[in-house]
4 protein chains.
Amino acid sequence: YGKNTIKFLRLHTEGKKHFVKEVEVCAHLRLTSPQEYLEGNNSLVIPTDTIKNIVLVLAKKNGIPSLEQFAIDICNHFMTTFCQVAYVKTYVQEVPWQRLHEDGVPHIHSFICVPDGIRFCEAEQCRNGPLIVFAGIKDLKLMKTTQSGFEGFYKNEHTTLPERHDRILCGELFCKWSYGECKDFDFDCIWKKIRECILEAFAGPPDCGEYSPSYQKTVNCIQMLVLSRVSQVQVIEVVLNNTFYNVVDMKNLGLTNDKEVLVPVEAPYGSCACTLGRK
Amino acid sequence: YGKNTIKFLRLHTEGKKHFVKEVEVCAHLRLTSPQEYLEGNNSLVIPTDTIKNIVLVLAKKNGIPSLEQFAIDICNHFMTTFCQVAYVKTYVQEVPWQRLHEDGVPHIHSFICVPDGIRFCEAEQCRNGPLIVFAGIKDLKLMKTTQSGFEGFYKNEHTTLPERHDRILCGELFCKWSYGECKDFDFDCIWKKIRECILEAFAGPPDCGEYSPSYQKTVNCIQMLVLSRVSQVQVIEVVLNNTFYNVVDMKNLGLTNDKEVLVPVEAPYGSCACTLGRK
Amino acid sequence: YGKNTIKFLRLHTEGKKHFVKEVEVCAHLRLTSPQEYLEGNNSLVIPTDTIKNIVLVLAKKNGIPSLEQFAIDICNHFMTTFCQVAYVKTYVQEVPWQRLHEDGVPHIHSFICVPDGIRFCEAEQCRNGPLIVFAGIKDLKLMKTTQSGFEGFYKNEHTTLPERHDRILCGELFCKWSYGECKDFDFDCIWKKIRECILEAFAGPPDCGEYSPSYQKTVNCIQMLVLSRVSQVQVIEVVLNNTFYNVVDMKNLGLTNDKEVLVPVEAPYGSCACTLGRK
Amino acid sequence: YGKNTIKFLRLHTEGKKHFVKEVEVCAHLRLTSPQEYLEGNNSLVIPTDTIKNIVLVLAKKNGIPSLEQFAIDICNHFMTTFCQVAYVKTYVQEVPWQRLHEDGVPHIHSFICVPDGIRFCEAEQCRNGPLIVFAGIKDLKLMKTTQSGFEGFYKNEHTTLPERHDRILCGELFCKWSYGECKDFDFDCIWKKIRECILEAFAGPPDCGEYSPSYQKTVNCIQMLVLSRVSQVQVIEVVLNNTFYNVVDMKNLGLTNDKEVLVPVEAPYGSCACTLGRK
């Protein structure tokens, strides 16, 4: 198979107001015959350069109504146009440009990059198979400074970790979910709703939070809340890359450190992941 | 000289509400004698490990009232405690944790990382010299989709660039300014005000923007606005790393691309920089 | 499942001669029950910290005879010791320290880091299943300045790429292969032999090279040569991330550029991949 | 001032043998008047695009005899051609392509990237001033597994570091030196000689090494050896970014770890630097 990454910016205007989307598109093709590998016969090969042109032309003609719709458009184009394509997958990722505001007033053509979680989606299709759409968020860094512990774990002669009932929970989240039959979804609206669910499940109620007995349980809470609130989601995968923090021992510096100064632990670096679907 | 980087988190609570600052501190020392280099005599050398302990102890004792105050505290400690130190510079950079909000309600102990410009500061002092404080913002990515051009530049036989009166202006900003005599400044408040000046000067009025004839002129506008609005700033340096975008030529694809689809130009990659002070 | 990364250095000496291996180990566990996710019951969970201790203890007791043997040892330990482990995968990657030489004389305890392709391996096992071992090389950057072209590809209205019979072929290689039944393999020796095969298949004979009609065909040549020369390899996957170079058009600068000055094309960025096994 | 980065490849052939240089050039200009900043008057500005063209045309016409000569050529061109240029600095860095060998036989057109220290140089000139040439090596990672300690350092109540007489010395070296009057230097030959001096001074004699009482002293040894052996070097700057390794304490795992298993210490991360010239 072959893969190609193209980065570009799509600009459109309504009156004097500008709208901008900058995306990175990665198209992934598998042909019906591997003859270009085995025989060096290029007659069915669609060059990277052509794939780039197609993506740019589709962006020009259709715009980018939503990342998901754009990914679907690309898949459809390749399946419809090239009978030698057996499988196509399109990944689209957004550069998080947000409209600039001055004293609360939105600016008509200025933007600031705010990477607090990157939105992406995927559309994939085998010839004669259904078109499947995924969406997700990545590089979302979150921290809870209390209401987190880790106790009652398995112990043997290699265990040196003490039990803790009040630690920092910090990590980088990756979430990816699949939609069932894609009818007339408002992908932008659903994505925002899911992002809110993730934050809510991670943090708990604003006035008191909710105790997390492990990174694993927090992963599960996120999945359960999304599945319960957003009916369009069929399966949800969550990966949480953990950053551990140790309370600095200041005894031999003559001080008591009551979880006031902590250092991140670079290694071991852990992550936990789970995929959950509906029955 | 020697340099050391320490990363840690300072947590403090008021009632049930948590406040968090995660910083990276880099301390830079020069000793009065280079004997450890020339003779391998370590008797005056302050180990990296000791510097780390000092920074953590100061954070524990004083907290981090502001990045600037913390940098000043560290400088003062080294100058006061170690007579073998001839020069000290402290750089402090913040991990941009922001309090999480659920439906507009602030969460008491949950945070999200929002890297839309990183705040940093520097304090430096030579023995018997004044303590000088700098502050700044870096990695601030901004874009204007119109009201920018580049015309009337120098031309000769190596010129191939066409004149443009409506292009994308996009770049990553680095700003660093120095304060004069540091009395009782509200460093947090001043920093926020300067950030707003930068955005305003970059973008112009929200309803129409302001035409930029070059990256250089935009750099200058930022400097002029900060100097005019913020009296505590003595000198301001601005570096703008440019990202150029080319309108994709779609003629041989049979289409007219009216600044709708653009691709970032990876090379040549430019930057312009200027330092401006008061008379 | 959970994943953990640990980086460490294993030193051993023979007489006055030092030997060093610095590795990054990533252990990947799946337990028989997901109760820690669903119920927050940690009683079967093996903490990251314990996993780190086990890896370090194994390194201390057994050393690292080869990356592959070390990965096998870790898998065996987890399967034998913890009945709650349903699946274990161990990834081991080497920091490419090479002994320093002075005028051809090897130094007894000094090393230089030479990252011309990174060696890695993987061992994985399901409970009651066979132990499978993979090895590989990654981040291997290669270039041919001639004997490469791309012609006869599929063309339609979106094609703008010209045919080329003499271009630069440049890319970053990733190769991963699996061994069949792992008996008493000399993993170090086999790995070196495969690396030589890769270079030979990429470059062709030293005095004339061999024409490559596409990146895809070069990928296939590498696979075929490895499979034909190294009987222990059962399946081989090759991914080639392409860097394209364009001959700079200097016509409007009054010069003829006969493939003398070329610039790398950042986007579109392509890659091709293929997995090939024995019949 | 303005800065521009251009990356390209220069290919030349002698008979059937190919020679390749891939470089990154960064040109840095300051004009006699800051009118483009203050007034938005672009009439003296040399666009990034023109600078790119000039660098490529010089590479096409002159080739890249050595990095240093190429940097000198660029400086000369800008000073001679543009009277509005007050200052020019050119930085040139090499992608470390090495000719591929098969069984010791050099390949006529295939190369492998071997980044064991990156070569770079700088040429700078003020109008009416001398042309100054610097050269250097960066990203050179070295390790000594013994013959290194750190003892007799300054101690006070914040000291927790134990004295050590047998530790790992590991770091990433940056060296930059200036040449005096640049006559007819063989820059390639001198650079190779200096690289050998650096390795020799770092490691000591191959059969026994040489004890290093500190990172600082090792930095000085490198400088002294280069200055004593290479008469063309006037001033030499060395920066050593230290990676510390801790012997893992395995007492509560029931084992004695005799400097066999060590882990890199991520923070505090230190560096020491010194600039030394001739009297």
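Residues numbered from 1 in each chain as written. Chains lettered and ligands numbered in written order. Predicted model: local features only at pLDDT ≥ 70, side-chain atom pairs only at ≥ 80, totals over all residues. Heavy atoms only, no water.

Enquirer: Would you mind showing me how to read the interface of chain B and chain A here?
Expert: The figure often quoted for interface size is the accessible area lost as the parts come together. Contacts between the two partners involve 63 residues from chain B and, on the opposite side, 63 residues from chain A. Across the chain B to chain A interface the summed buried area is about 5,200 Å²; carbon plus sulfur atoms make up 67%. Together, K60, H109 and P206 of chain B form the three largest contributors to the area buried by chain B at its contact with chain A, with a combined 13%. Inspection of the region where chain B meets chain A yields two salt bridges. The shortest N-O distance in the salt bridge between K60 of chain B and E260 of chain A comes to 2.5 Å. At the junction of chain B and chain A, the tally comes to 26 residue pairs in polar contact (both at pLDDT 80 or more). Contributing elements (two or more residues each) for the side of chain B that touches chain A: β1 (2-14), β2 (17-31), α2 (48-62), β4 (97-102), β5 (105-113), β7 (132-144), α4 (187-203) and β10 (261-265) of chain B. Looking at the side of chain B that touches chain A, the element that brings in the most residues is β5 of chain B, giving nine residues. (Contact = heavy atoms within 4.5 Å. Buried area = accessible area lost by both parts, 1.4 Å probe. Salt bridge = Lys/Arg side-chain N within 4 Å of Asp/Glu carboxyl O. Polar contact = N/O pair within 3.5 Å; in protein donor to acceptor, adjacent residues only side chain to side chain. Helix = DSSP H or I, 4+ residues; strand = E, 2+ residues; numbered from the N terminus.)

Enquirer: It is not clear to me how the domain arrangement of chain A should be interpreted in this structure. Could you clarify?
Expert: All names here are of chain A. By domain assignment, chain A separates into domain 1 (2-129) and domain 2 (140-277). Computed over C-alpha atoms, the centres of domain 1 and domain 2 are 31 Å apart. Taken together, the contact pairs ten residues of domain 1 with eight residues of domain 2. Here domain 1 meets domain 2 over a buried area of about 820 Å², counting both sides, of which 57% is carbon and sulfur. On the domain 1 side of the contact with domain 2, E68, R119 and F120 bury the most area, a combined 54% of that side's loss. In this structure, the connection of domain 1 to domain 2 is made through three salt bridges. At the surface where domain 1 touches domain 2, the tally comes to three residue pairs in polar contact (both at pLDDT 80 or more). Along the lines of polarity and charge, the residues of the side of domain 1 that touches domain 2 split into three nonpolar, three polar and four charged. (Domains from an automatic or database assignment. Nonpolar A, V, L, I, M, F, W, Y, C, P; charged D, E, K, R; others polar.)

Enquirer: What exactly am I supposed to notice about the UniProt feature "binding site: 5-hydroxyisourate" (unreviewed entry) in chain A here?
Expert: According to UniProt, the "binding site: 5-hydroxyisourate" (unreviewed entry) feature falls on T48, D49, F150, R167, Q216 and N242 of chain A. These annotated residues cover 195 residues of sequence, and their C-alpha atoms reach 51.9 Å apart at the extreme, placing them across more than a single site. Among all residues touching D49 of chain A, those that are not within four sequence positions of it are T160 and L161 of chain C. When you line up the elements, Q216 of chain A lands in helix α5 (residues 215-229). Looking at Q216 of chain A, the relative accessible area reads 13%, which means it is buried. Other than its neighbours up to four places away in sequence, Q216 of chain A contacts C272 of chain A together with E36, Y37 and V45 of chain C. (UniProt positions renumbered as here; feature names shortened; annotations may be inferred. Buried < 20%, exposed > 50% of the residue type's maximum accessible area, 1.4 Å probe, protein only.)

Enquirer: Before we go on, may I ask you to explain the relation of the copies chain B and chain A in this structure?
Expert: In summary, the two copies of the chain are related to each other by a rotation about an axis coupled with a shift along it. Superposing chain B onto chain A takes a rotation of 180° combined with a translation of 0.0 Å along the rotation axis, leaving an RMSD of 0.0 Å. Those values place the two copies in the arrangement expected of a two-fold rotation axis. A share of 100% of interface residues in chain B that are also interface residues in chain A marks the association as one of identical surfaces. (Least-squares fit on C-alpha atoms with pLDDT ≥ 70 in both.)

Enquirer: What is the right way to look at the relation of the copies chain D and chain C in this model?
Expert: It takes a turn of 180° to lay chain D on chain C, together with a shift of 0.0 Å along the axis; the resulting RMSD is 0.0 Å. Most of the interface of chain D is mirrored in chain C: 100% of its interface residues are interface residues there too.

Enquirer: Where do I start with the UniProt feature "binding site: O2" (unreviewed entry) in chain A in this structure?
Expert: In this structure's numbering, the residues bearing the UniProt feature "binding site: O2" (unreviewed entry) are T48 and N242 of chain A. Checked against the element boundaries, T48 of chain A lands in helix α2 (residues 48-62). Residue classification places T48 of chain A among the buried residues on the basis of a relative accessible area of 15%. Once you skip the residues sitting within four places of it in the chain, T48 of chain A turns out to touch N4 of chain A together with F244 and P268 of chain C. Relative to the elements of secondary structure, N242 of chain A occurs in strand β9 (residues 233-247). Given the relative accessible area of 5%, N242 of chain A is considered buried. Setting aside its immediate chain neighbours within four residues, N242 of chain A contacts C170, G171, Y215, Y269, G270, S271 and C272 of chain A.

Enquirer: Even after reading the chapter, I still don't get the side chain of N42 of chain D, so can you show me in this structure?
Expert: Note that N42 of chain D resides in the loop between α1 (35-38) and α2 (48-62). At a separation of 3.0 Å, a polar atom in the side chain of N42 of chain D contacts the main-chain carbonyl oxygen of E151 of chain B. For N42 of chain D, the side chain forms a polar contact with the main-chain oxygen of P213 of chain B, separated by 3.1 Å. Setting aside its immediate chain neighbours within four residues, N42 of chain D contacts F150, E151, G152, F153, Y154, P213 and S214 of chain B together with E36 of chain D.

Enquirer: Could you clarify how one ought to interpret the environment of V239 of chain B in this entry?
Expert: Residues and elements named next belong to chain B. Within the secondary structure, V239 is located in strand β9 (residues 233-247). C-alpha of V239 to C-alpha of E172: the two residues are 67 residues apart in sequence and 8.2 Å apart in space. Beyond its immediate sequence surroundings of up to four residues, V239 is in contact with E172, L173, F174, S271, C272 and A273.

Enquirer: How should the packing of aromatic side chains be read in this particular structure?
Expert: Each pair of aromatic rings is reported with the distance of its centres and the angle of its planes. Summed over all chains, the structure comprises 40 aromatic pairs over all chains. With a centroid separation of 5.6 Å and 20° between ring planes, the pair formed by F120 of chain A and F174 of chain A is classed as stacked. With F120 of chain A in strand β6 (residues 118-126) and F174 of chain A in strand β8 (residues 169-179), this pair connects stretches of sequence that are 54 residues apart. You can call F120 of chain A buried: its relative accessible area is 2%. Aromatic rings pair up to connect F78 and F82 of chain A together with Y154 of chain C into one cluster. Stacked on the ring of F134 of chain C, the Lys or Arg K176 of chain C has its end atom at 4.8 Å from the ring centre. The ring of Y87 of chain D carries the charged tip of R30 of chain D above its face, separated from the ring centre by 4.7 Å. (Phe/Tyr/Trp six-rings, centres within 6.5 Å; stacked < 30°, edge-to-face > 60°. Lys NZ or Arg CZ within 6 Å of the ring centre and 35° of its normal.)

Enquirer: Could you clarify how one ought to interpret the interface of chain D and chain C in this entry?
Expert: Taken residue by residue, the interface counts 63 residues in chain D and 63 residues in chain C. Taking both sides of the interface into account, the surface hidden between chain D and chain C amounts to around 5,200 Å²; carbon and sulfur atoms contribute 67%. Inspection of the chain D/chain C interface yields 26 residue pairs in polar contact (both at pLDDT 80 or more). When residues in the side of chain D that touches chain C are grouped by element, the largest group, nine residues, is from strand β5 (residues 105-113) of chain D. Across the side of chain D that touches chain C, the residue classes break down as 36 nonpolar, twelve polar and 15 charged. Note that strand β7 (residues 132-144) of chain C and β5 of chain D share three bridges and pair antiparallel. Across the sheet, L142 of chain C pairs through a bridge with I112 of chain D, a residue of β5 of chain D. (Pairing = 2+ DSSP bridges.)

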